[in-house]
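Chain and residue survey
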Amino acid sequence: MPGMREQGSAGRVARRTFLRAVGGAAAVLVPAGCGDPSEPGGLPSGAELDDLPREPVTLDVARFDRVTACRRTAEQIEGPFYLEAGLVRRDLTEGLPGEPLRVGLRVRDLDAGCGPIPDAVVELWQADADGLYSGFSAAEQGRRERSVEHPGSALRGAQVTNGDGIAEFVTIYPGRYPGRTPHLHVKVHLDERTVLTSQLYFDEALNDEVLGSGVYAERAADAPATSNAEDGLFASDLVLDVSRASAELVGVLTLDISAGEGGS
């Protein structure tokens, strides 16, 4: 389709070269404790992730311990709307409306007794409440044009895992679009390899609750509901463990990968 970015091996960037992937464009860094986390700041594209400050993780590691099984996380397709955004930040929202959602992802190594992997790069990207991805027109996504547009970088970003292997993101609940149940996209990078590309899902009852209210309900006619069972990619072992905390939903999942295996 016109305007679509090239996909494939060029999109699979390494941990140390993540910022270089954006070429001459400025990468985005929000230093911990510095101003509004939704406001991007500049960083030279040649900087290495090893030199970046980490944003503190608010979720306790015990929150992830409901998952005790140590098994490889299933791979899923990248999808057509991945961009090498080069954005290192926790808050992905850029002021977009939607149900507030905090996502915590813990990365563990199957080759080391499922111990945590610090300093991995976790990328997250998703559709907005209307079910549209930033950086692509509605027409490119097979949808009618809308009157309000948002920045091409919205709902895209990466974080570096802490000593417990956890990366945390502030975002919104993803909307639906024809043929797909609400989902998040994720990649995990180690050194010069992408070790995981997958998608993350939500409980069906929670989908019904969120998508039946507010800005989501306003788009119901444009994007009829697709249930988990009707989505050909849905996998029950990729469902986030979600609870409500104060004014936001909190979803967590553990991603188990084999750090010693070669990747793309």
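Refer to the structure presented above.
Here goes a summary of the coordinates provided. (Residues numbered from 1 in each chain as written. Predicted model: local features only at pLDDT ≥ 70, side-chain atom pairs only at ≥ 80, totals over all residues. Heavy atoms only, no water.)

**What about the overall build of the chain?**
- If you tally the helices and strands in the chain, you get 2 helices and 12 strands.
- In the chain, which comprises 264 residues, the proportion classed as buried is 53%.
- Within the chain, residue pairs in contact and separated by at least 24 positions form 79% of the contacts whose partners lie at least 6 positions apart.
- As presented, the chain carries roughly 11000 Å² of accessible surface, and 52% of it is formed by carbon and sulfur atoms. (Helix = DSSP H or I, 4+ residues; strand = E, 2+ residues; numbered from the N terminus. Buried < 20%, exposed > 50% of the residue type's maximum accessible area, 1.4 Å probe, protein only. Contact = heavy atoms within 4.5 Å. Areas by Shrake-Rupley, 256 points an atom, 1.4 Å probe, with all protein chains shown as cover.)

**Digging into the pattern of salt bridges**
- As enumerated under the stated definition, the model contains 12 salt bridges in all.
- As a salt-bridge pair, Arg66 and Asp241 come within 3.1 Å of each other at their nearest N and O atoms. Taken as a pair, Arg66 in the loop between strand 2 (41–43) and strand 3 (87–88) and Asp241 in strand 11 (residues 241–245) lie far apart in primary sequence, 175 residues in all.
- The exposure class of Arg66 is exposed, given its relative accessible area of 56%.
- Of the charged contacts, one joins Arg89 and Glu94 as a salt bridge, the two residues approaching to 2.9 Å between their closest N and O atoms.
- Given the relative accessible area of 1%, Arg89 is considered buried. (Salt bridge = Lys/Arg side-chain N within 4 Å of Asp/Glu carboxyl O.)

**Regarding the layout of surface pockets**
- Of the pockets and cavities examined, the largest pocket occupies roughly 290 Å³.
- Together, 15 residues line the largest pocket, and Val67, Arg71, Asp237, Leu253 and Thr254 are the ones closest to its centre.
- Per element, the largest residue contribution to the lining of the largest pocket is 4 residues, and it comes from strand 12 (residues 248–257).
- Of the residues in the lining of the largest pocket, the class split is 7 nonpolar, 3 polar and 5 charged. (1 Å grid on protein atoms, 1.4 Å probe; cavity = no way out; pocket = protein on both sides within 12 Å on 5 of 7 lines; lining within 4 Å. Points joined across faces, edges and corners; volume = space filled by probe spheres on them. Nonpolar A, V, L, I, M, F, W, Y, C, P; charged D, E, K, R; others polar.)

**Brief notes about the packing of aromatic side chains**
- Enumeration over the complete set of coordinates arrives at 7 aromatic pairs.
- Consider the rings of Tyr82 and Trp125, whose centres lie 4.7 Å apart with planes at 55°: the pair is tilted. Residue Tyr82 is located in the loop between strand 2 and strand 3, and its partner Trp125 is located in strand 6 (residues 121–126); the two are separated by 43 residues in the primary sequence. For the pair formed by Tyr82 and Trp125, the shared burial category is buried.
- Look at Tyr201 and Phe234: their rings are 5.2 Å apart centre to centre, the planes differ by 75°, and that puts the pair in the edge-to-face class. Separated by 33 residues along the polypeptide, Tyr201 in strand 10 (residues 193–201) and Phe234 in the loop between helix 2 (214–218) and strand 11 bring together distant segments of the chain.
- By relative accessible area, Tyr201 is classed as buried at 0%.
- Members of the aromatic cluster, joined through ring pairs, are Phe81, Tyr133, Phe136 and Tyr177.
- A cation sits over an aromatic face here: Lys187 above Tyr82, 4.9 Å from the ring centre. (Phe/Tyr/Trp six-rings, centres within 6.5 Å; stacked < 30°, edge-to-face > 60°. Lys NZ or Arg CZ within 6 Å of the ring centre and 35° of its normal.)

**So, the state of the cysteines**
- What the rule picks out here adds up to 1 disulfide.
- Linked covalently through their sulfurs, Cys70 and Cys114 form a disulfide whose S-S length is 1.7 Å. Because the torsion about its S-S bond is 80°, the bridge between Cys70 and Cys114 counts as right-handed. One end of the pair, Cys70, is in the loop between strand 2 and strand 3; the other, Cys114, is in the loop between strand 4 (100–109) and strand 5 (115–116), with 44 residues separating them in the sequence. (Disulfide = S-S within 2.5 Å.)

**Looking at the side chain of Gln199**
- Along the chain, Gln199 turns up in strand 10.
- Residue Gln199 is classed as buried on the basis of its relative accessible area, which comes to 0%.
- Side chain to side chain, Gln199 and Arg180 meet in a polar contact 2.9 Å long.
- At 3.5 Å, the side chain of Gln199 and the side chain of Tyr201 are in polar contact. (Polar contact = N/O pair within 3.5 Å; in protein donor to acceptor, adjacent residues only side chain to side chain.)

**With respect to the side chain of Asp109**
- Mapped onto the fold, Asp109 is located in strand 4.
- Buried within the structure, Asp109 lacks any salt-bridge partner; its nearest side chain of opposite charge belongs to Arg72, at an N-O separation of 8.3 Å.
- Looking at Asp109, its side chain comes within polar contact range of the main-chain nitrogen of Ala259, at 3.1 Å.
- Those residues in contact with Asp109, other than ones at most four positions away along the chain, are Cys114, Gly115, Ile117, Ile257, Ser258 and Ala259. (Lys, Arg positive; Asp, Glu negative; His and termini not counted.)

Spatial relationships are all this shows, so hold off on functional conclusions.
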